[in-house]
Number of protein chains: 2
Amino acid sequence: MSVTAAKGFTASGIAAGIKENGNPDLALVVNNGPRAAAAGVFTSNRVKAAPVLWSEQVLKGGRLTAVVLNSGGANACTGPKGFQDTHATAEKVAEVLGQNAAEVAVASTGLIGILLPMDKLLPGVEQAAAALSEHGGEKAAIAIKTTDTVHKTSVVQGDGWTVGGMAKGAGMLAPGLATMLVVLTTDADVDSDTLDRALRSATKVTFDRVDSDGCMSTNDTVLLLASGASEVTPGYAEFAEAVRAVCDDLGQQLIRDAEGAGKDIRIEVVNAASEDDAVEVGRSIARNNLLKCAIHGEDPNWGRVLSAIGTTSAAFEPDQLNVAINGVWVCKNGSVGEDRDQVDMRYREVHIVADLAAGTETATIWTNDLTAEYVHENSAYSS
Amino acid sequence: MSVTAAKGFTASGIAAGIKENGNPDLALVVNNGPRAAAAGVFTSNRVKAAPVLWSEQVLKGGRLTAVVLNSGGANACTGPKGFQDTHATAEKVAEVLGQNAAEVAVASTGLIGILLPMDKLLPGVEQAAAALSEHGGEKAAIAIKTTDTVHKTSVVQGDGWTVGGMAKGAGMLAPGLATMLVVLTTDADVDSDTLDRALRSATKVTFDRVDSDGCMSTNDTVLLLASGASEVTPGYAEFAEAVRAVCDDLGQQLIRDAEGAGKDIRIEVVNAASEDDAVEVGRSIARNNLLKCAIHGEDPNWGRVLSAIGTTSAAFEPDQLNVAINGVWVCKNGSVGEDRDQVDMRYREVHIVADLAAGTETATIWTNDLTAEYVHENSAYSS
């Protein structure tokens, strides 16, 4: 279903030859209207890929008629030539669709620091345009995969309207978004300001709280396109909740498919003085390599949780911290709590609760364990 | 030579039975004077182990007659009982040496969140006192090892005076010091203010810039004791340089022995607008798991360097960044530079230069690659 679950959209995914192994590598998503409202959220990395620089500019107009996405190369750190290539890609899409390049977003993912093979990509755009279909959402989702083992899609139905989407990402998953490309579509009849508001509030509590390996990408892009084809304008709260639900579902799929991961870790920080404190503590725990190794080894090593909390500026007293792992309060008042042998860590899901005893705010961060497979995937070849 | 290279010191290292495997686990270093000046630097982790809380307090007096160190347990996150145990340990040392407990520092390393076996530790103190010797420095260095594969010592000779020391640490190596215990001794005749100044300026550019795995410990302690036994008072610059040289040497030994490491990575940030900028950028690169995996795979993946730089707040323009790996400028002006195939990465030493083109300041950070062995060491058992 993916990006074509909502009415008014067509999509395709084809193999343009950008990837040397011949796998699908080019996706096209087209908004056939009647509306072409859009919003976008991009990486906060200051080293931004050419397509991010381009698409940020395009989104200022609040309109998108098409999105073209490629895997097989990030077009990041490629200088003026890389930007020219992105521009040429948007122009090519505009030409074949009879649209304006200033309303075409571009997204790329793959290795940093190599130029895209434009002699393959541009003919690929023609091929992708010819393949556009109301049933093309799955193929588009497949074409944006890099090290992803599965493609990721999600759909939420409203009352007469739909929000659907696709995502890719399996490494460099970190806040400020991730090496992740996400395209969401809706046939709800909403304007770009509403899309922007709903998208930002959704990503803040979903993709921004997925932190697989602390590495922030140069290419992260999340786009939301509205066609208005349902002719229904839902209430804001209802619409925003649907967008959040799709983002949350896709974010969970990213974590479950993170490179080399054996455990999915949900870190719930409770009783924080502020939401910012809760997020800072959650991230610090999520990025602690020693803890991530311990979880891999099914060792409820709460000392490493406290050690991570101690590096933050959040409000807490060390002797009032409590930590539960899979429901067992292994640390109470900053010291030894319930018997750690009671913690059952055999399953893929691991739930850590860090109680700061400093307020009433809460945040949840998702991460993975650190495994030899992660090291292998990220050292055995360039990615 | 270690802590007994300087005149006026005796030391010992014995097996008290704290470690279940019977390896040495208790070290004692005694300053026989005539001076007992001392200074200390401790972890900046807000979750501090009981011995850190104790020793910080003791150091306020600027005097130490003895340091007792144990491996086999960190006595961190052990609540009021843990602090009582540290206090009892200092009292026991004072009793057997005929000294004042308020001038005895305590340092511990090992697993967080378990109480020390005081029924073994206190008799061990008596055994260690009986074994004190002017040649005991090596044994003391051996007794503080945890996952260290080798013990670490260093000595610098001045003109009629000496600075020597020992260190342990092989994981949780990160700024704000590391899971590291370091005791430095000198027979120079210097007061505690001078020791404090020399020690802080030395640790700031040595141990504080060793960042093996981004994990800051609860127990880091660096102590510097002066006996005055040489009856020589060196000039400050000369003395401070000797302290820095010993710290630098021990810091390098820590990096070379880091858990599971296959590569030692020297990250030199140049042309930064400020030293703080240079350190921030160096740390960000040092903590990038994807880059550390790439280095492990002997892949000169400069895109991951730029991606790490982009997450900082340092002054730079993305299109002016340059990166060299082992002497080859693989990234120029934020884009593709010299041929990455020219980079020879067969050797253990890897040198990354990040040129921010924003000023004249410089800093060097040391780290390691990320390997399957690191994951194994930190997941296969509690540490």
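Predicted model, so just to flag it, every value in this text is computed and none were measured.

*Asks:* What am I meant to see in the overall build of chain A here?
*Replies:* The number of helices and strands found in chain A is 10 helices and 15 strands. For 383 residues, the compact-globule estimate of 2.2 N^0.38 gives 21 Å, and chain A sits close to it at 21 Å. Seen through its C-alpha atoms, chain A measures out along the principal axes to roughly 65 × 50 × 35 Å. Taking all 383 residues of chain A together, the buried fraction comes to 61%. Across chain A, every contact between residues at least 6 apart in sequence was considered, and the portion connecting residues at least 24 apart equals 79%.

*Asks:* Is there a simple way to think about the domain arrangement of chain A in this case?
*Replies:* Residues and elements named next belong to chain A. Domain boundaries in chain A define domain 1 (2–256) and domain 2 (264–379). A straight line from the C-alpha centre of domain 1 to that of domain 2 covers 33 Å. At the interface, 14 residues of domain 1 touch 16 residues of domain 2. Counting each side, the surface lost to burial between domain 1 and domain 2 is near 1300 Å², with a carbon and sulfur contribution of 39%. Interface area lost by domain 1 to domain 2 is led by Arg-209, Asp-211 and Ile-255, which between them contribute 48%. Summed over the shared surface of domain 1 and domain 2, the number is zero salt bridges. Summed over the shared surface of domain 1 and domain 2, the result is two residue pairs in polar contact (both at pLDDT 80 or more). When the residues that make up the side of domain 1 that touches domain 2 are grouped by side-chain class, the tally is four nonpolar, four polar and six charged.

*Asks:* Is there a simple way to explain the sheet that holds strand S1 (residues 9–14) of chain B in this structure?
*Replies:* Residue and element names in this part refer to chain B. Judged by pairing direction, the sheet is mixed, and its four strands sit side by side in the order S1-S2-S4-S5 without closing on themselves. Of all the strands in the sheet, just S1 and strand S5 (104–108) have a single pairing partner and so form its edges. Direction aside, the axes of adjacent strands within the sheet are offset by 10° on average. Where helix H2 (residues 79–97) meets the sheet, it contacts strand S2 (26–31), strand S4 (66–70) and S5, and its direction lies at approximately 130° from that of S5.

*Asks:* I keep staring at the pattern of salt bridges and nothing clicks. Help me out?
*Replies:* Where charged atoms of side chains with opposite charge meet at close range, the side chains can pair. Per the stated rule, a full pass over the model turns up 32 salt bridges over all chains. Between A:Asp148 and A:Lys152 there is a salt bridge; the shortest N-O distance is 2.6 Å. When sorted by exposure, A:Asp148 lands in the same class as A:Lys152, which is buried. With its nearest N and O atoms 3.6 Å apart, the salt bridge here joins B:Arg266 to B:Glu268. Overall, the relative accessible area of 30% leaves B:Arg266 in the partly exposed class.

*Asks:* Mind showing me how you'd approach unusual backbone geometry here?
*Replies:* Negative phi values dominate among residues other than glycine, just as trans dominates among peptide bonds. The omega torsion across A:Gly33 and A:Pro34 is 15°, close enough to zero to call that bond cis. Considering the arrangement of structural elements, one finds A:Pro34 in the loop between strand S2 (26–31) and strand S3 (37–42). The backbone of A:Asn333 sits at a positive phi, close to 50°, despite the residue not being glycine. Among the secondary structure elements, A:Asn333 is positioned in the loop between strand S12 (328–332) and strand S13 (335–336). Even without a glycine there, the phi angle at B:Glu231 is positive, about 60°.

*Asks:* Sorry if this is basic, but what is going on with the pairing of S4(B) here?
*Replies:* When a strand is regular, its side chains alternate between the sheet's two faces. Residue and element names in this part refer to chain B. Among the five residues that make up S4, five are buried, leaving the element largely enclosed by the rest of the structure. Burial along S4 is two-sided: the face carrying Ala-66, Val-68 and Asn-70 and the face carrying Val-67 and Leu-69 are both buried. Relative to S4, S2 runs antiparallel, the two sharing five bridges. Across the sheet, Val-29 pairs through a bridge with Val-67, a residue of S4. Where S4 meets S5, five bridges bridge the pair, whose relative direction is parallel. Bridge assignment links Val-68 to a residue of S5, and that residue is Val-106.

*Asks:* Any chance you could explain the interface of chain B and chain A here in plain terms?
*Replies:* Interface extent is often summarised as the accessible area lost during association of the parts. Across the boundary between the two partners, chain B contributes 53 residues, which contact 53 residues of chain A. For the pairing of chain B and chain A, the buried interface totals around 4000 Å² over both sides, and the portion due to carbon and sulfur atoms is 57%. Taken together, chain B and chain A are joined by zero salt bridges. Inspection of the chain B/chain A interface yields 11 residue pairs in polar contact (both at pLDDT 80 or more). The set of elements that each furnish at least two residues to the side of chain B that touches chain A consists of helix H8 (289–296), helix H9 (302–309), strand S13 (335–336) and helix H10 (372–379) of chain B. Tallied by class, residues from the side of chain B that touches chain A come to 22 nonpolar, 25 polar and six charged.

*Asks:* Teacher, can you tell me more about the packing of aromatic side chains here?
*Replies:* Any pair of aromatic rings gets described here by the distance separating the centres and the angle formed by the planes. Across all of its chains, the model carries four aromatic pairs over all chains by this definition. Measuring from centroid to centroid gives 5.8 Å for B:Trp161 and B:Phe239, while their planes differ by 55°, and the two rings are tilted. With B:Trp161 in the loop between strand S6 (152–157) and strand S7 (162–168) and B:Phe239 in helix H6 (residues 236–256), this pair connects stretches of sequence that are 78 residues apart. For the cation-ring pair, A:Arg197 lies above A:Tyr236, with the distance from its terminal atom to the ring centre recorded as 3.8 Å.

*Asks:* Would you mind showing me how to read the packing of helix H7 (residues 275–286) of chain B against H9(B) here?
*Replies:* The relative placement of two packed helices is expressed as an angle between their axes plus a distance between the axes. Residue and element names in this part refer to chain B. Where H7 contacts H9, the axes come no closer than 8 Å and their chain directions differ by 130°. The orientation of H7 relative to H9 falls into the category oblique. H9 is crossed by H7, and the crossing has right-handed handedness. Residues Val-281, Ser-284 and Ile-285 of H7 form the contact with H9, whose own contacting residues are Val-305, Ala-308 and Ile-309. Residue classes in the contact of H7 with H9 are distributed as five nonpolar, one polar and no charged.

*Asks:* Would you mind going over the side chain of A:Lys92 with me for this structure?
*Replies:* All names here are of chain A. Tracing the sequence through the fold places Lys-92 in helix H2 (residues 79–97). The exposure class of Lys-92 is buried, given its relative accessible area of 13%. If sequence neighbours within four positions are ignored, Lys-92 has contacts with Leu-122, Val-125 and Glu-126.

*Asks:* Would you mind going over the relation of the copies chain B and chain A with me for this structure?
*Replies:* One copy of the chain maps onto the other through a rotation about an axis plus a displacement along that axis. Turning chain B through 180° and shifting it by 0.0 Å along the axis lays it on chain A, with an RMSD of 0.0 Å. The operation mapping one copy onto its partner corresponds to a two-fold rotation axis. Residue B:Ala372 of chain B places its C-alpha closer to the rotation axis than any other residue of that unit, at 2.1 Å.

*Asks:* When you look at the sheet that holds strand S8 (residues 181–186) of chain B in this model, what are you seeing that I'm missing?
*Replies:* Sheet strands associate in pairs through backbone hydrogen bonding, adopting either a parallel or an antiparallel arrangement. Residues and elements named next belong to chain B. Ordered by their spatial adjacency, five strands build an open sheet running S3-S9-S8-S7-S6, and the pairing between neighbours is mixed. Every other strand in the sheet has two partners, leaving strand S3 (37–42) and S6 as the edge strands with one partner each. If you compare each strand with its neighbour and ignore which way they point, the axes differ by 10° on average. In terms of strand pairing, S8 meets strand S9 (residues 221–226) through six bridges, oriented parallel. Of the residues in S9, the one forming a bridge with Val-182 is Val-222. Of the strands in this sheet, S3 and S9 are in contact with helix H1 (residues 50–59), which crosses S3 at around 140°. The sheet strands contacting helix H5 (residues 192–205) are S3, S8 and S9, and the helix crosses S3 at an angle near 30°.

The rules behind each value
- Residues numbered from 1 in each chain as written.
- Chains lettered and ligands numbered in written order.
- Predicted model: local features only at pLDDT ≥ 70, side-chain atom pairs only at ≥ 80, totals over all residues.
- Heavy atoms only, no water.
- Helix = DSSP H or I, 4+ residues; strand = E, 2+ residues; numbered from the N terminus.
- Rg over C-alpha atoms; globule rule 2.2 N^0.38 Å.
- Buried < 20%, exposed > 50% of the residue type's maximum accessible area, 1.4 Å probe, protein only.
- Contact = heavy atoms within 4.5 Å.
- Domains from an automatic or database assignment.
- Buried area = accessible area lost by both parts, 1.4 Å probe.
- Salt bridge = Lys/Arg side-chain N within 4 Å of Asp/Glu carboxyl O.
- Polar contact = N/O pair within 3.5 Å; in protein donor to acceptor, adjacent residues only side chain to side chain.
- Nonpolar A, V, L, I, M, F, W, Y, C, P; charged D, E, K, R; others polar.
- Pairing = 2+ DSSP bridges.
- Axes fitted to C-alpha atoms, helices over the stretch in contact; angles between N-to-C directions.
- Phe/Tyr/Trp six-rings, centres within 6.5 Å; stacked < 30°, edge-to-face > 60°.
- Lys NZ or Arg CZ within 6 Å of the ring centre and 35° of its normal.
- Parallel < 35°, antiparallel > 145°, perpendicular 65-115°, else oblique.
- Left-handed = near helix turned anticlockwise from the far one by under 90°.
- Least-squares fit on C-alpha atoms with pLDDT ≥ 70 in both.

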